[in-house]
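# Working through the structure, step by step
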Amino acid sequence: SENTVKERLNRVKLSLEDSSYFYPLVGFSWSSDTEWTLAKNLAKLNGPLLAKFILDVKDKCPETNIRIIAHSLGARVVLSALDSLYKNASRNTQNFKIASVHFMGAAVDNEEVSTNPEDILKDPTNWNTPKSDYGYAIDQEVIKFYNLYSSNDNMLELNLLRPYPPYQVYP
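The text that follows walks through the structure, step by step, so that each part is easy to find. Once a new chain begins, its residue numbering starts again from 1 and follows that chain's sequence as written. Restriction of local features to residues with pLDDT of at least 70 applies here, the model being predicted, together with a cutoff of 80 or more for giving and counting side-chain atom pairs; totals for whole chains, interfaces and linings are based on all residues. Values reported for side chains reflect all heavy atoms of the structure, with hydrogen atoms and water molecules removed beforehand.

## Details of the overall build of the protein chain
Every helix listed is a DSSP run of H or I at least four residues long, and every strand listed is a run of E at least two residues long, numbered separately from the N terminus. For the protein chain, the helix and strand inventory stands at five helices and three strands. Along the protein chain, helices (α) and strands (β) appear in the sequence α-α-β-α-β-α-α-β when read from the amino end. Counting the 171 residues in the protein chain, one finds 34% classified as buried. If you take every contact in the protein chain between residues at least 6 apart in sequence, the share linking residues at least 24 apart comes to 68%. Accessible surface, the protein chain: about 11300 Å² in total, of which carbon and sulfur atoms supply 53%. For every residue, the accessible area (1.4 Å probe, protein chains only) is compared with the maximum for its type, and the residue is labelled buried under 20%, exposed over 50%, or partly exposed between those bounds. Contact criterion: two residues are considered in contact whenever any of their non-hydrogen atoms come within 4.5 Å of each other. Throughout, the Shrake-Rupley method with a 1.4 Å probe supplies accessible areas, and for residues the shown protein chains are the sole cover considered.

Listed below in structure tokens is the structure:
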């Protein structure tokens, strides 16, 4: 809901301010409260919208540094946005780069952020579905990229005891 989005954005804002970060903060929300496969597809579809928003901000405020924080499936929105920026480089008339991207508990396979195409082809966890390879988009569109995670977070690892299908594997 809109109220939940506002509450979460405010929580991030307060946390950043507590760390002496007082720059403007913009939230990007998308319809993620749905079945897993549909949510992944929606994330990918929302990436170009985020890319357009970023380009619009840079057109109006060229000196603005863009920093992105994303959690869980939101990381897929950001990767799709970076891919859109990378593949449509002609739209980036200022040739700017995103200052930083911070993923927290990203719902993304490590192979998908690699610049080695073999990582995608040889990965046994794709369950016969194609993966995206975002490594070059990250390399070309971002100055500093961070993938923050906890080794204790096993939410998306294979667990046959969970009530939902075990195909959601991020080892």
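## Some details on unusual backbone geometry
Within the chain, S20 stands out as a residue other than glycine whose phi angle is a positive 65 degrees. Along the chain, S20 turns up in the loop between α1 (2-18) and α2 (36-60). For S20, a relative accessible area of 56% gives the class exposed. The residue S72 is not glycine, and still its phi comes out positive at about 55 degrees.

## As for the packing of aromatic side chains
In this description, a pair of aromatic rings is defined by centroid distance and the angle of the planes. Here a pair means two rings of Phe, Tyr or Trp (six-membered ring of Trp) with centres within 6.5 Å. Their orientation is stacked below 30 degrees between planes, edge-to-face above 60, and tilted elsewhere. As enumerated under the stated definition, the model contains two aromatic pairs in all. With a centroid separation of 5.2 Å and 80 degrees between ring planes, the pair formed by F103 and F145 is classed as edge-to-face. You can see F103 sitting in strand β2 (residues 98-104) and its partner F145 sitting in strand β3 (residues 142-148), a full 42 residues away along the chain. When its relative accessible area of 1% is taken as the criterion, F103 is described as buried. Note on criteria: charge over ring means Lys NZ or Arg CZ within 6 Å of the ring centre, with the direction from the centre no more than 35 degrees off the ring normal. The lysine or arginine in question, K58, covers the ring of F96, its NZ or CZ lying 5.1 Å from the ring centre.

## Notes on helix α3 (residues 74-87)
Between the first and last residue of a helix there are one fewer steps than residues, each counted as 1.5 Å, and that sum is the expected span. In a regular helix each residue adds 1.5 Å, so 14 residues correspond to 20 Å; α3 covers 20 Å between its end C-alpha atoms and thus fits that length. Burial of α3 is extensive: 12 of the 14 residues sit out of reach of the surface. Within α3, the full set of buried residues consists of G74, A75, R76, V77, V78, L79, S80, A81, L82, D83, S84 and L85. Tucked into the core, α3 has its buried residues touching α2, β1 (67-71), β2, α5 (135-141) and β3.

## Notes on the sheet that holds β2
At least two DSSP bridges between two strands are required for those strands to pair. The strand order across the open sheet built from three strands is β1-β2-β3, with neighbouring strands paired in parallel fashion. Looking at which strands have only one partner, the edges of the open sheet turn out to be β1 and β3. Each strand axis lies, on average, 10 degrees off the axis of its neighbour in the sheet, ignoring direction. Summarising the sheet, β1 and β2 pair through five bridges and their orientation is parallel. Among the inter-strand pairings, I68 is bridged to a residue of β2, identified as V101. Only the stretch in contact is used when fitting a helix axis, every axis being a line fitted to C-alpha atoms; angles between N-to-C directions are given from 0 to 180 degrees. Sitting on the sheet, α3 touches β1, β2 and β3, and the angle it makes with β2 is about 150 degrees.

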